[in-house]
Amino acid sequence: MTAPDSWLATLEELGGFFSLAAAPDATSGAVPWPDVLAEPALTGRFAAVRAVLAEGASLPAADLDPKVAVSAVQVSLASRLWSVALAGAALHGWVPALTGDNLVASPEHRGPVPLGLRDPDAGYAVSRPADAARLVGELVVEAGLADLETACSRVGRTPRRVLASNSTSALVGGARVLARLRPDRAAATWSLTRSLLDHPAVAAGGGTVDPDGLPVGVGGPMERPDEAFLRSGCCVFYRLPEHGLCPDCVLAPSRPEQVTPGH
């Protein structure tokens with residue numbers, strides 16, 4: 001099976017977390033996904049992100065809760081996995097193999113290859129939304145994403161619930177961005193996203209689509225005004241100075257006055 005000719009070009013046009021390096025060469029410094037998630041690389045990445053966040057908050061790095069950096073690293077990598085998968089499936093009917101044996105990335109923060117594929121032709125063509133959701137579940141949720149959550153939980157000593165809800169929030173956020181960038185495929189994007197929210201591994205700890213009784217400004221926006229995403233955990237970014245709760249935070253319904261719009 002060969003990937004659609006234009007799918008990589010589409011990702012480049014979308015930019016941001018959709019960017020993907022195809023078969024980066026040895027000079028790129030990219031390493032296999034298991035090496036990205038190995039303890040030495042992750043420990044270094046956590047420390048680098050902690051330093052960056054602390055500098056932005058005008059704090060010594062030692063004064064910044066290390067779990068904030070762990071959360072930031074994990075949600076950033078999760079967002080890349082979801083964005084590539086959503087764009088491939090919703091725009092091209094193509095589910096790339098975002099699995100540990102095909103994924104590569106720079107082992108350090110802000111490396112030249114945030115995410116890449118050894119073989120960009122590895123994947124599956126899909127024509128039915130149900131097939132797309134099933135394959136994304138197998139190739140992203142149960143593979144690359146599960147490995148990421150496991151590694152960050154172990155090395156970063158962060159509760160799995162925090163990481164699972166981070167991942168699900170990243171899914172909804174990626175759908176929101178893709179739908180805005182490609183309004184012609186917004187319905188397909190949201191349809192796939194809802195199916196993925198029902199995936200057992202996502203639903204188990206990620207969150208719910210629950211608009212009933214939410215205070216104004218609470219809940220992550222989705223396609224329709226009568227639905228919103230509420231995660232089951234907290235990313236702990238509120239521990240950054242002047243950073244309130246995210247709208248989709250599990251704590252937001254009981255503390256709506258602490259929600260920072262736009263986060």
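Report on the accompanying structure. In this text the structure is predicted, and so the values were computed from the model without any measurement.

About the thresholds
Numbering of residues starts from 1 in every chain and runs along the sequence as written. Local features in this predicted model are restricted to residues whose pLDDT is 70 or higher, and side-chain atom pairs enter the listing and the counts only when it is 80 or higher, whereas totals over whole chains, interfaces and linings include all residues. Values shown for side chains rest on all heavy atoms present in the structure; no hydrogens or waters enter the calculation. Axis geometry follows a simple rule: fit a line to the C-alpha atoms, using only the stretch in contact for helices, then measure angles between N-to-C directions, giving values from 0 to 180 degrees. Where helices and strands are cited, they refer to DSSP runs of H or I of at least four residues and of E of at least two residues respectively, numbered from the N terminus. Throughout, the term roughly parallel applies to angles under 35 degrees, roughly antiparallel to angles over 145, roughly perpendicular to angles from 65 to 115, and oblique to all others. Should the near helix be turned counterclockwise from the far one by less than a right angle, the crossing is left-handed, whereas a clockwise turn marks it as right-handed. Here a residue-residue contact requires only that any non-hydrogen atoms of the pair lie within 4.5 Å. Classification convention: Asp, Glu, Lys, Arg as charged; Ala, Val, Leu, Ile, Met, Phe, Trp, Tyr, Cys, Pro as nonpolar; all other residues, Gly among them, as polar. With a 1 Å grid spanning the protein atoms alone, the term cavity applies to any set of points in which a 1.4 Å probe fits but cannot get out, the term pocket to an open set with protein on both sides within 12 Å along at least five of seven lines, and the term lining residue to any residue with an atom within 4 Å of a point. Grid points are joined across faces, edges and corners, and a volume is the space filled by probe spheres set on the points. Here, two cysteine sulfur atoms that lie within 2.5 Å of each other are counted as a disulfide. One side-chain nitrogen of Lys or Arg within 4 Å of one carboxyl oxygen of Asp or Glu is enough to make a salt bridge. The classification of residues rests on relative accessible area computed with a 1.4 Å probe and restricted to protein chains. Under 20% of the type maximum is buried, over 50% is exposed, and intermediate values are partly exposed. Throughout, nonpolar core names a set of buried Ala, Val, Leu, Ile, Met, Phe, Trp, Tyr and Cys residues whose side chains join them through atoms within 4.5 Å. Pairs of strands are assigned from DSSP output, requiring at least two bridges between the strands.

Another aspect to go through is the packing of helix 4 (residues 66-92) against helix 6 (residues 160-181). Interhelical geometry of helix 4 versus helix 6 gives an angle of 45° and a closest axis separation of 8 Å. On the basis of the axis angle, helix 4 is oblique to helix 6. Pair helix 4 / helix 6 crosses with right-handed handedness. Across from Ser71, Gln74, Val75, Ala78, Ser79, Trp82, Ser83, Leu86, Ala87, Ala90 and Leu91 in helix 4, the residues of helix 6 making contact are Val162, Leu163, Asn166, Ser167, Ala170, Leu171, Gly174, Ala175 and Leu178. By residue class, the composition of the contact of helix 4 with helix 6 is 13 nonpolar, 7 polar and no charged.

This next bit is on the layout of surface pockets. The gaps left among the atoms become clear once a water-sized probe is rolled over them. Approximately 300 Å³ is the volume attributed to the second largest pocket. Lining the second largest pocket are 18 residues, and of these Arg45, Val49, Ser76, His109 and Arg110 sit closest to its centre. Only helix 3 (39-56) and helix 4 provide two or more residues apiece to the lining of the second largest pocket. At 5 residues, the largest contribution of residues to the lining of the second largest pocket is made by helix 4.

Summed over all chains, the structure comprises 0 disulfides. Of the cysteine sulfurs around Cys246, a residue in no disulfide, the closest is that of Cys235, at 3.8 Å.

Summed over all chains, the structure comprises 9 salt bridges. Its salt-bridge partner being Glu227, residue Arg194 comes within 2.8 Å of it at the nearest N-O pair. In this pair, Arg194 sits in helix 7 (residues 186-197) while Glu227 sits in the loop between strand 8 (220-221) and strand 9 (228-231), placing the two residues 33 residues apart along the sequence. On the accessibility criterion, Arg194 (22% relative accessible area) is partly exposed. Arg224 serves as the salt-bridge partner of Asp226, at 3.4 Å between the closest nitrogen and oxygen. On the basis of relative accessibility, which here comes to 41%, the residue Arg224 falls in the partly exposed class. Ionic contacts of the salt-bridge type, sharing partners, join the residues Arg194, Glu223, Arg224, Asp226 and Glu227 into one network.

What follows deals with the packing of helix 3 against helix 5 (residues 129-156). The description of two packed helices rests on the angle between their axes and on the distance between the axes. Contact geometry for helix 3 and helix 5: axes closest at 10 Å, N-to-C directions at 75°. It follows from the interaxial angle that helix 3 and helix 5 lie roughly perpendicular. From helix 3, Glu39, Leu42, Thr43 and Phe46 reach across to helix 5, where they touch Ala151, Cys152, Val155 and Gly156. The residue makeup of the contact of helix 3 with helix 5, split by class, is 5 nonpolar, 2 polar and 1 charged.

Turning next to the nonpolar core. The biggest cluster of nonpolar side chains holds 78 residues, and the ones touching the most others in it are Trp33 and Trp82. A total of 17 residues in this core trace back to one element, the largest contributor, which is helix 4. For Trp82, the residues in contact, after removing those within four places along its chain, are Val136, Val140, Val141, Leu145, Ser167, Ala170, Leu171, Leu196 and Val202.

Time to look at the sheet that holds strand 1 (residues 21-22). In space, the 4 strands of this open sheet follow the order 1-5-4-2, with mixed pairing throughout. Each edge of the open sheet is held by one strand with a lone partner, namely strand 1 and strand 2 (31-32). Note that strand 2 and strand 4 (residues 103-105) share 2 bridges and pair antiparallel. When the bridges of strand 4 are listed, Val31 appears paired with Ala105.

Honestly, it's all geometry; don't read function into it.
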